[in-house]
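# Results of the structural survey
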Amino acid sequence: MAACSIEDVLAKAEQDEAEKLKSITVQKELDIEFDIGNLVAYDKNRIDIRQFREQKKDDFLRSLARDNTQLLINEIWKHPTERVEEVIVVKLPEPTTALPREKPPPKPRPPTKWEEFAKLKGIQKKKKTNLVWDDVAKNELHRLRNIARAQKIKVPGVGLTPTAQQSTTDLSRAVNVAKVSTASAGKFQDRLPKEKAPRNTGKKRKFQPVIGNFSSEKQRQLDLLKVMDSKKPRLDVNKAVNKQMREDDREESAAKFRKGGKKGRKGGNFSGKGKGKGGGGKGRAGGKGQGPPGGKKGAGKR
Amino acid sequence: LPWAKPKTKRAKRFLDNRAPKLTENVKNAMIMKGGNTSMTVTQALKDIYALKKPSAVLYKKKNITRPFEDSTSLEFFSKKTDSSLFLFGSHNKKRPNNLIFGRLFDFHVLDMIELGIEKYNSLSDIKSSKCPEGTKPMLVFAGDAFDHENEHKCLKSLLTDFFRGPVVPSVRLAGLEHVLHFTALEGKIYMRSYRSLLKKSGCRTPRIELEEIGPSFDFILRRTHLASDDLYKTAHKQPKALKPKKKKNISHDTFGTKFGRLHMQKQDLAKLQTRKMKGLRKRRGPAAAAVVAGETSLKTTEVE
């Protein structure tokens, strides 16, 4: 009894499966070939000409198309799918039909001047490692900042952070910071025999005390007034002329280079030289001549 | 076309896009009219342009050339618009409602096939909702002619190239709407365009129902101009960089089984380390010989 019912159950299950698949199965003599990468199906079965003539052409073609499309869709659905932004997408394989290219494959480019030079010198390309922010140093800095904020004092210089590679500047800065971090702010710290005094330390601006030497203050104020009053410009003529000459030279060399680059080297050199000398002379004379009048004008305006 | 070196980055990018590349762009098609065209031909060209948009250009003016005799004008146009496919429509008494499908390799004609339209229903004739522009169509080729006859094989390759659209790594399942069906029967080629409706079936794979939308053509195969085998070979050559890299010492069977190879150094079988059996060690003296004899028999039985 039990055996019969099992058989019945199995048979029923098979029937159900068949019913389900009936809607999507298609019977074909020859299996059709697919190229899913291109979404193409090749049906090589012979077409029954009689059937084609009996039926209406379009209906026959339509049913044939429906069968073939069903097989193609079945094949596509066998491939893996994934969900991309709320849309189900099927991953297609590479196309298998060989189709001609539209242009021939690219030729290898000739090496550039730098590439040739590098090859000649044996220079290899070195990849620069991206500088990554050191987490420990960051922690240290933030800790000190918090302390400073809590106690309302300035952040002291962080001497040495535990990183792998220390550069000389980092080490020297660390040494200087350490030296200053004594009770008397490094005033009585001895220096090593050959050690140089640290540069760029100390106060960045110096101010005179409010109540200091009265006579020196008076002298300074009077000098300032005298300078403002004088008709002569506070212009060091020599220095100004030299500066102008330097600028002119620079301009000429830039112009020469540009001209030489564009036209060619032959004529450019001569013209550049001649022009440079003439121009320089003119400029100098002009500068000297202009100096005092320009200064006078400026003083008048003020 | 010899032109000066690009002066702006934008121009350089434009030219690099058109230069030969490892993985190529979608093939552009130029659709043009010949010296004389009929209503059928003009409407057919417009419909095919609609199918091939946006990678197609439709020329409005007539071009008085004959592709089968002189292809210089075609080559010039292809260089201008960077197109490697063309569709040339014309009409005359000898060849009414003529369409020439063709493709170019390196801006020279590779092959072209002339099809005559015997019956035509345009997009506007068939009243139904159309597929959106740019949908990648599914192509089906039916009929054994596409497998046996040389010209049909070439036509199959040409039509695939023409209509397949961009090559994509994945496709939205719901977007598989457009089907182009080509049937080769008795020297004629029937082209039908359907919209596929995915209906519920009992299982995961849907059931297909088709609804005719697009243009339908009954073509008859006329002249063909195929390239020489050498030219086909050159055109099909893929650059080596595109080939998938082979892993050494791994091979696949016809059944799909994966095989690997191990390379071992030469082993001295006499010094092979097997299980140690103290009793089987060599002993000295005549007494040993008897013992050994007895023990070798033991050994053999163990092996068995």
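What comes next concerns the included structure.

Rules behind the numbers
Residues numbered from 1 in each chain as written. Chains lettered and ligands numbered in written order. Predicted model: local features only at pLDDT ≥ 70, side-chain atom pairs only at ≥ 80, totals over all residues. Heavy atoms only, no water. Helix = DSSP H or I, 4+ residues; strand = E, 2+ residues; numbered from the N terminus. Buried < 20%, exposed > 50% of the residue type's maximum accessible area, 1.4 Å probe, protein only. Contact = heavy atoms within 4.5 Å. Areas by Shrake-Rupley, 256 points an atom, 1.4 Å probe, with all protein chains shown as cover. Salt bridge = Lys/Arg side-chain N within 4 Å of Asp/Glu carboxyl O. 1 Å grid on protein atoms, 1.4 Å probe; cavity = no way out; pocket = protein on both sides within 12 Å on 5 of 7 lines; lining within 4 Å. Points joined across faces, edges and corners; volume = space filled by probe spheres on them. Nonpolar A, V, L, I, M, F, W, Y, C, P; charged D, E, K, R; others polar. Buried area = accessible area lost by both parts, 1.4 Å probe. Polar contact = N/O pair within 3.5 Å; in protein donor to acceptor, adjacent residues only side chain to side chain. Pairing = 2+ DSSP bridges. Axes fitted to C-alpha atoms, helices over the stretch in contact; angles between N-to-C directions.

Another aspect to go through is the overall build of chain B. Looking only at helices and strands, chain B has seven helices and 13 strands in total. By residue count, 40% of the 304 residues in chain B fall in the buried class. For chain B, long-range pairs separated by at least 24 residues make up 66% of all intrachain contacts whose partners lie at least 6 apart in sequence. In the form shown here, chain B has an accessible surface area of approximately 18,900 Å², with 54% of it arising from carbon and sulfur atoms.

Scanning all chains against the criterion turns up 26 salt bridges over all chains. The salt bridge partner of K103 of chain A is D82 of chain B, with a shortest N-O separation of 2.9 Å. With K103 of chain A in the loop between β4 (88–91) and α4 (113–121) and D82 of chain B in the loop between α3 (72–81) and β3 (85–90), this pair bridges two chains. Classification of K103 of chain A by relative accessible area gives buried; the value is 5%. Within this structure, K57 and D58 of chain A together with R192 and D218 of chain B form a network of salt bridges that share partners.

The next point concerns the layout of surface pockets. Residues and elements named next belong to chain B. By volume, the largest pocket amounts to about 780 Å³. For the lining of the largest pocket, a count of residues per class yields eleven nonpolar, seven polar and nine charged. Considered as a void within the structure, the second largest pocket measures approximately 660 Å³ in volume. Among the elements that take part in the lining of the second largest pocket, helix α1 (residues 9–18) stands out by supplying four residues, more than any other. Counted by class, the lining of the second largest pocket contains eleven nonpolar, no polar and ten charged residues.

Accessible area lost during the coming together of the parts is what is often quoted as the interface size. Between chain B and chain A, the contact holds 67 residues from the first and 50 residues from the second. When chain B packs against chain A, the two sides together hide about 5,600 Å² of surface, and 62% of this comes from carbon and sulfur. Across the chain B-chain A interface, the total number found is seven salt bridges. Notably, a salt bridge pairs K57 of chain A with D218 of chain B, separated by 2.8 Å at the nearest N-O pair. Taken together, the connections running from chain B to chain A amount to 31 residue pairs in polar contact (both at pLDDT 80 or more).

A few words on unusual backbone geometry. All names here are of chain B. For the bond from K53 to P54, the omega torsion is -5°, close enough to zero to count as cis. Looking at the secondary structure, you find P54 in the loop between α2 (39–52) and β2 (56–62). Look at N97: it is not a glycine, yet its phi comes out positive at around 45°. Along the chain, N97 falls in the loop between β3 and β4 (98–105). Classification of N97 by relative accessible area gives buried; the value is 15%. A positive phi angle is found at N249, which is not glycine, with a value near 70°. Checked against the element boundaries, N249 lands in the loop between α6 (229–236) and β12 (250–252).

Here we have three strands laid out as an open sheet, ordered β3(A)-β4(A)-β7(B), and antiparallel in their pairing. Each edge of the sheet is formed by a strand with only one pairing partner; in this case those strands are β3 (81–83) of chain A together with β7 (170–172) of chain B. Within the sheet, the average angular offset between the axes of one strand and its neighbour, ignoring direction, is 35°. In terms of strand pairing, β4 of chain A meets β7 of chain B through three bridges, oriented antiparallel. Looking across to β7 of chain B, one finds that V90 of chain A is bridged to V171 of chain B.

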